[in-house]
Amino acid sequence: MLGKRTAAHVAAAAIAIGLAMTSGAQAQQKWKAQSLYGPNTVVHKEFEKFAERVKVATKGALQIEALPVATIVPQAEALDAIKAGLLDAAAGTMAYQGGKEAAAAFWDLAAGYDNPLHLLMWYRIGGGNEIMNKVAAKWDAVFLGPVILGLESIPSKKPIRSIEDFKGVKMRSPDGIPAEIFAKLGASVSVMPGTEVYTALDTGKIEATDWGTLSVNDEAGYNRIAPYAIYPGIHSLNAMDFVIRRSKWNALSAEHKAAVTSAVDEWSLATWMSQEHADRLAAAKRKPETLITWGEKEKADLRKVARGVWESWSKKSPLATEIYQSQVKFLESIGKL
C-alpha cells in the first residue's frame, strides 16, 4: 500500500503527464494551404514535398494540407481568405493585390531581374523580406519567403528580338505594371484570364502572350500556334510568395518556426531547380531557330522603359515607394540599372 507522500508524488506525476499530453495535443496544428498551380504541375508537386518536409521536421506536430489552385477560393481571393480564416496559408497571392495595395504589384518587378539568384539576394540582403512582411501585415498575415519559379518566356507568332519588335503586336498580359510596360512598347494589349489564352492565340485575337516559363507554355500547347519564344525570359522572373495567417504562425514554437522557415528556403530552391530543368528539356526539344535570346543591350533598353512604369506605380502608396526604391537601389548595386 502506498504511503501518503508516495501517493502524492504519483498523483503529481499523473497530473504532469496529463498536462503534457494536453499541451502536446494543443501544439499540433493542421493548416489548409492553397497554391497557385494545378495538381499535376512541377510547381505543385514541389509544394507537396514542402508539406512533407515540414511534417517530418516537426515530427507530425504541424501538418500542411497542400491544396491545388482554387480548391477553396479563387487565387485572387486567397489573401482575403487567410484573413477571414478560410485558409491558413497560401502560395502565390500578392500578384492579385495591386489594386488594394500598389506595393504588391512589385512582388515580380517586371523586366527587372534576369537571374533567380539576384532576386533571392534582394529578398535576403536587399530588404525584400522585411518590406513584403509589411504588405502581408495588411491582411494580418506573415510573409515567410519567395518560392522562385524561374524566368517566364513569351510565346509569339513572329520573332521578337528587341523592344522595337513589340510595336503593333496583339498581346495578352495580366493587368497592372506588365500591361503598362507592353503598351509603352507599342503592343496592342489585351487583359484576359489564362484560361482564354490558347483560344485567343488560335483565333488570332492575340499574337503573343505573357504567361509561364518555356516548359509551362509548351505543355499548354502554345508552341503549336505561336512557335517562337523569348528564351531565357526577359520580362518576368516569376516567384510565389508564401504567407501564413499571423495567429497560426504565432501559435508555433520557436523550434517549429525555424523548421518551417528552413523548409521554405529548401522549397524555393527545389522549385526553381525543377522548373529550370523542365525548361531546359523543353528547349532541347525545340528547333533552335524558334528560341529568341536577347542580349544585354536589348534587356537594358527594356529596363529603361520599364523603370518609367515602376516609378509611376511607386507613387500610389508609401509602401509602393519603399519597395520601388529598395529594388532600384539593389539593381543599381549589381550593375543592372
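As the structure is a computational prediction, the values presented were derived from the model and not from experiment.

Asks: I tried to follow the overall build of the protein on my own but got confused; where do I start?
Replies: Broken down by element type, the protein carries twelve helices and eleven strands. Along the first, second and third principal axes, the C-alpha set of the protein runs to 95 × 40 × 35 Å. When each of the 337 residues of the protein is scored for burial, the buried share is 52%. Carbon and sulfur atoms form 55% of the exposed surface of the protein, whose accessible area is close to 15,600 Å². Distance between charge centres in the protein, computed from 40 positive and 36 negative side chains, equals 4 Å.

Asks: Just to check I follow, could you spell out helix α11 (residues 296-314) for this structure?
Replies: For α11, spanning 19 residues, the distance from its first C-alpha to its last is 25 Å, which sits close to the expected 27 Å at 1.5 Å a residue. Buried within α11 are the following residues: K299, L302, R303, A306, V309, W310, W313 and S314. On the buried face of α11, the contacting elements are α6 (177-184) and α12 (318-333).

Asks: How should the nonpolar core be read in this particular structure?
Replies: Across soluble globular proteins, nonpolar side chains have a tendency to be buried as a group. Counting residues in hydrophobic clusters, the biggest one holds 63 residues, and the most contacted among them are M94, F106, F166, I177, I181, W294 and W310. The set of elements that each furnish at least two residues to this core consists of α3 (78-84), α4 (116-125), α5 (128-137), β4 (141-151), α6, β10 (237-245), α11 and α12. By residue number, the principal contributor to this core is α12, which donates seven residues. If you look at the next biggest cluster of nonpolar residues, it comprises 26 residues, including V43, L144, W249 and V264.

Asks: Looking at this structure, I do not really get the sheet that holds β4. What am I missing?
Replies: Two orientations exist for strands paired in a sheet by backbone hydrogen bonds: parallel and antiparallel. In spatial order, the strands read β2-β1-β3-β10-β4; together these five strands make up an open sheet with mixed pairing. Strands at the two margins of the open sheet, each flanked by one partner only, are β2 (62-67) and β4. Neighbour to neighbour, the strand axes of the sheet diverge by 20° on average, direction disregarded. Sheet topology places β4 next to β10; nine bridges connect them, and they run antiparallel. When the bridges of β10 are listed, L151 appears paired with L237. Those strands touched by α4 are β4 and β10, and its axis lies near 165° from that of β4.

Asks: Looking at this structure, I do not really get the domain arrangement of the protein. What am I missing?
Replies: By a widespread convention, an interface's size corresponds to the accessible area lost as its parts come together. According to the domain assignment, the protein contains domain 1 (29-148 + 238-285) and domain 2 (154-235 + 288-334). Computed from C-alpha coordinates alone, the two centres of domain 1 and domain 2 are separated by 23 Å. Roughly 2,700 Å² is buried in total at the junction of domain 1 and domain 2, and carbon and sulfur atoms are behind 68% of that figure. Secondary structure elements with two or more residues in the side of domain 1 that touches domain 2: α4, α5 and α10 (254-284). Sort the elements by how many residues they give to the side of domain 1 that touches domain 2 and α10 lands first, with six residues. Here the residues of the side of domain 1 that touches domain 2 sort into 16 nonpolar, five polar and six charged.

Asks: Please clarify how the packing of aromatic side chains should be interpreted in this entry.
Replies: Two descriptors summarise a pair of aromatic rings, namely the distance from one centre to the other and the angle between the planes of the rings. One pass over the structure, following the stated rule, counts eleven aromatic pairs. A ring pair is formed by F50 and F242, whose centres lie 5.3 Å apart and whose planes are at 80°; its orientation type is edge-to-face. Here F242 lies in strand β10 and F50 lies in helix α2 (residues 42-57), a separation of 192 residues in the sequence. As far as the burial class goes, F50 and F242 line up, both buried. Seen from their ring centres, Y113 and F330 are 6.5 Å apart, and the 35° between their planes marks the pair as tilted. On the criterion of sequence distance, the pair formed by Y113 in the loop between β3 (89-91) and α4 and F330 in helix α12 is long-range, its members being 217 residues apart. Owing to a relative accessible area of 4%, Y113 belongs among the buried residues under this scheme. Aromatic ring contacts, followed pair by pair, group F47, F50, F242 and W267 into a single cluster. Looking at K316, its charged tip hangs above the ring of W313, at a distance of 4.8 Å from the centre.

Reading guide: rules and limits
Residues numbered from 1 in each chain as written. Predicted model: local features only at pLDDT ≥ 70, side-chain atom pairs only at ≥ 80, totals over all residues. Heavy atoms only, no water. Helix = DSSP H or I, 4+ residues; strand = E, 2+ residues; numbered from the N terminus. Buried < 20%, exposed > 50% of the residue type's maximum accessible area, 1.4 Å probe, protein only. Areas by Shrake-Rupley, 256 points an atom, 1.4 Å probe, with all protein chains shown as cover. Lys, Arg positive; Asp, Glu negative; His and termini not counted. Charge placed at Lys NZ, Arg CZ, Asp CG, Glu CD. Expected span 1.5 Å × (residues − 1). Contact = heavy atoms within 4.5 Å. Core = buried A, V, L, I, M, F, W, Y, C linked by side-chain atoms within 4.5 Å. Pairing = 2+ DSSP bridges. Axes fitted to C-alpha atoms, helices over the stretch in contact; angles between N-to-C directions. Domains from an automatic or database assignment. Buried area = accessible area lost by both parts, 1.4 Å probe. Nonpolar A, V, L, I, M, F, W, Y, C, P; charged D, E, K, R; others polar. Phe/Tyr/Trp six-rings, centres within 6.5 Å; stacked < 30°, edge-to-face > 60°. Lys NZ or Arg CZ within 6 Å of the ring centre and 35° of its normal.

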